[in-house]
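Below are the chains, spelled out letter by letter.
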Amino acid sequence: RDVLGLPETSEMAEFASPFPSHNRRVLIVPKTTTKFSERSADQYVAIAQYCAGIVSLIPGPCAIFFPSYGIRNEVSRYISSFCQKNFLLEQQGMSLEEKKAVLDAVRNTDSVLLAVSSGSFGEGIDMPGVLKCVIVAGLPLKRPDLETKALIELYQRKFGKGWEYGYTLPAFSKVLQNAGRCIRSEQDRGVIVLLDERFTWPAYKACLPKDWTAVVTTNYAEEIKAFFKQA
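Summary of the structure given here. For every chain, the first residue of the written sequence is number 1, and numbering continues from 1 onward in sequence order. Confidence filtering applies because this is a predicted model: local features only for residues at pLDDT of at least 70, side-chain atom pairs given and counted only at 80 or more, and all residues used for totals across whole chains, interfaces and linings. To get the side-chain values, all heavy atoms of the structure are used, and hydrogens and water are removed first.

Across the five residues of strand 4 (residues 112-116), five count as buried, placing the element largely inside the fold. Categorising residues by exposure relies on relative accessible area from a 1.4 Å probe, with only protein chains included: less than 20% of the type maximum marks a residue as buried, more than 50% marks it as exposed, and the intermediate range marks it as partly exposed. The helix count covers DSSP runs of H or I at least four residues long, the strand count covers runs of E at least two residues long, and both are numbered beginning at the N terminus. Residues of strand 4 alternate between two faces, with Val112, Leu114 and Val116 on one and Leu113 and Ala115 on the opposite face, all of them buried. At least two DSSP bridges between two strands are required for those strands to pair. Alignment of strand 2 (residues 62-66) against strand 4, held across five bridges, turns out to be parallel. Its bridge partner lying in strand 4, alanine 63 is registered against leucine 113. Where strand 3 (residues 87-89) and strand 4 come together, three bridges link them in parallel fashion. What sits directly across from phenylalanine 87, in strand 4, is valine 112. Taking the sense of rotation as the criterion, the β-α-β connection linking strand 3, helix 3 (residues 96-109) and strand 4 turns out right-handed. We call a crossover right-handed when, viewed with both strands directed away from the observer, the connection leading from the first strand over the helix to the second proceeds clockwise.

Geometry of aromatic contacts follows a simple scheme: Phe, Tyr and Trp rings, the Trp one being its six-membered ring, pair when their centres are within 6.5 Å, and the pair is stacked under 30 degrees between planes, edge-to-face over 60, tilted otherwise. Inspection of the entire model under this criterion finds nine aromatic pairs. Each residue in the set Phe172, Phe199, Trp201 and Tyr204 is aromatic and connected to the rest through ring pairs, giving one cluster.

The next point concerns the packing of helix 5 (residues 146-159) against helix 6 (residues 162-179). Orientation of helix 5 relative to helix 6, taken along the N-to-C sense of each, is 145 degrees, at an axis distance of 6 Å. Contact residues: Thr148, Leu151, Ile152, Tyr155, Gln156 and Phe159 in helix 5; Gly162, Trp163, Tyr165, Gly166 and Tyr167 in helix 6. Residue type decides the class: Asp, Glu, Lys and Arg count as charged, Ala, Val, Leu, Ile, Met, Phe, Trp, Tyr, Cys and Pro as nonpolar, and the leftover types, Gly among them, as polar. A class-by-class count of the residues in the contact of helix 5 with helix 6 yields seven nonpolar, four polar and no charged. To get an axis, fit a line to the C-alpha atoms, keeping to the stretch in contact for a helix; angles then go from 0 to 180 degrees between the N-to-C directions. In this description, contact between two residues means that some pair of their heavy atoms is separated by no more than 4.5 Å.

Remember, this is a structural readout, not a statement about activity or role.
Given below as structure tokens:
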């Protein structure tokens, strides 16, 4: 309402999901981070290991969304050495035919799509009944460039919520869009994994939907196995 300049009015802050909650398991695995100051080859290897360990437990196609193509490319260098599943990469500037071919391959070959949070697969393309797991590997925060800083300053000056409106909430909008690729109907069942220690930080965790009932765990294997046994 603030950003759009709408007048004071009655509003609902949040609506409950119409889909059965028992069809979704949301896990926060706080063992890695894509925080800029901690990016390194060792961190990319760790992210690859956790992602590979998770998707190897999933009986079906998966998607992993990264904050940027650069981080995705670094992790993709290592991930196939930790998991036997087939990995497919979203590319910048893909045609509609190329995107459809990737979707068909994910659907028909039990593959893992390595994509980007702000890309076509993360926000625009629908995949009903396809994915059994989505991993959001890192917070897709904007780069702190001049434009982002100016936006934060503007929102702070106008609303007193510069970081929230200009930095945190846009990132979580992408997280929710990415996670939403997993459950697209009342019949879909799947696991959503938020892989970054910052998802446990109070300021960030407060942005997650309340009906997600996210579980913070390092024992993701038991959680995933238990979930799919309930099918």
